[in-house]
Every structure is written in structure tokens, then in C-alpha cells.
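# Residue-level structural notes
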Amino acid sequence: VKPMTPRCTVPKAVPVGKTASLHCHENEGYPKSTYSWYRNSEPLSPDTKSNAKSQNSSYTLNPTTGTLVFHAVHKGDTGRYSCIATNDAGFAKCEEQEMEI
């Protein structure tokens, strides 16, 4: 079963240095969906060490739960965030939401 459009929760504004939690979830898809996050249409790597672009960012991305946590946000984390739920039958994307730091 193709995933339905996931529900994305993105904080509107977060003070510099604070923790920010972004959530993405849908429960229609079968088999269970995995989740990927995008900032300004660029994919965020689940492994921050392998991606030169995200080395300044300290975040944890869990593809199974759809949770993206920034441990200490900085100005560079400002942007439009969206999430895609994917399974064998297809994928669905939530609307982009702005997060300001």
C-alpha cells in the first residue's frame, strides 16, 4: 500500500543553540514507510559524518521513526523542511515548512 501524505511537524522558530525536533509520520503505508528529510529541496543525510554539507550541523535523523533532531541549532539550519515517506509501493511528501533560527 502506497504511503499517504505524512504529517510533518516543524517548529516555526528556534533560538540559536537550542534543540529542535522535527517529526514526520504516516501510518497507511504497507510495508512500513521509511522517512527522509530535505532542507531547501536538498536531502539531509542520515549519516552526518559522510556528508560534507552537514558537518557543521549536529543532528540525528531516524529513517524508521521519521524524527529529525538538531542538538544545537545554528543560523545555517534555517530553511524550508519537508519529509518524504517511502515504501515498496511508492512515496508521499508533506508540504515544505519554514524553520527560522
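All chains use their own residue numbering, which begins from 1 and follows the written sequence. Confidence filtering applies because this is a predicted model: local features only for residues at pLDDT of at least 70, side-chain atom pairs given and counted only at 80 or more, and all residues used for totals across whole chains, interfaces and linings. Based on all heavy atoms of the structure, the side-chain values leave hydrogens and waters out of the count.

Take a side-chain nitrogen of Lys or Arg and a carboxyl oxygen of Asp or Glu: if they are within 4 Å of each other, that pair is a salt bridge. One pass over the full model with this rule turns up two salt bridges. In this structure, Arg39 engages Asp77 in a salt bridge whose closest nitrogen and oxygen atoms are separated by 3.6 Å. Linking Arg39 in strand E3 (residues 34-39) with Asp77 in the loop between strand E6 (67-70) and strand E7 (79-87), this pair joins segments that are 38 residues apart in sequence. Whether a residue is buried, partly exposed or exposed follows from its accessible area with a 1.4 Å probe, protein chains only, as a fraction of its type maximum: under 20%, in between, or over 50%, in that order. The class of Arg39 is buried, set by a relative accessible area of 15%. Judged by relative accessible area, which is 1%, Asp77 ranks as buried. Arg80 serves as the salt-bridge partner of Glu96, at 2.8 Å between the closest nitrogen and oxygen. Strands are runs of DSSP state E lasting at least two residues, helices are runs of H or I lasting at least four, and both sets are numbered from the N terminus onward.

Taken in spatial order, the four strands of this open sheet run E1-E2-E6-E5, and their pairing is antiparallel. Because the sheet does not close on itself, it has two edges, and the strands there are strand E1 (7-9) and strand E5 (59-62). When strand polarity is set aside, the average angle formed by the axes of neighbouring strands in this sheet is 5°. When DSSP finds at least two bridges between two strands, those strands are taken to pair. With three bridges joining them, strand E2 (residues 20-25) and E6 adopt antiparallel strand pairing. Bridge assignment links Ala20 to a residue of E6, and that residue is Phe70. Under this scheme, a helix contributes an axis fitted over its contacting stretch, all axes are lines through C-alpha atoms, and angles between N-to-C directions fall in the 0 to 180 degree range.

We define a nonpolar core as any set of buried Ala, Val, Leu, Ile, Met, Phe, Trp, Tyr and Cys residues linked to one another through side-chain atoms lying within 4.5 Å. One finds Leu22, Trp37, Leu68, Phe70, Tyr81 and Met99 to be the most contacted residues of the largest nonpolar core, which totals 20 residues. Of all the elements in the fold, those that place two or more residues in this core are E2, E3, E5, E6 and E7. The contact definition used throughout considers only heavy atoms, calling two residues in contact when any of these lie within 4.5 Å. When sequence neighbours within four positions are dropped, the list of residues in contact with Met99 reads Val10, Pro11, Lys12, Val14, Ala20, Leu22, Phe70, Asp77, Thr78, Gly79 and Tyr81.

With that out of the way, let us pick up the state of the cysteines. A pair of cysteine sulfur atoms is labelled a disulfide when the two atoms are within 2.5 Å. In this structure the tally under the stated criterion is two disulfides. Cys8 shares a disulfide with Cys94; S-S distance 2.0 Å. Taking the torsion about the S-S bond as the criterion, the Cys8 to Cys94 disulfide, at about -100°, is left-handed. Placement of the pair is Cys8 in strand E1 and Cys94 in the loop between strand E8 (90-93) and strand E9 (97-99), with a sequence separation of 86 residues.

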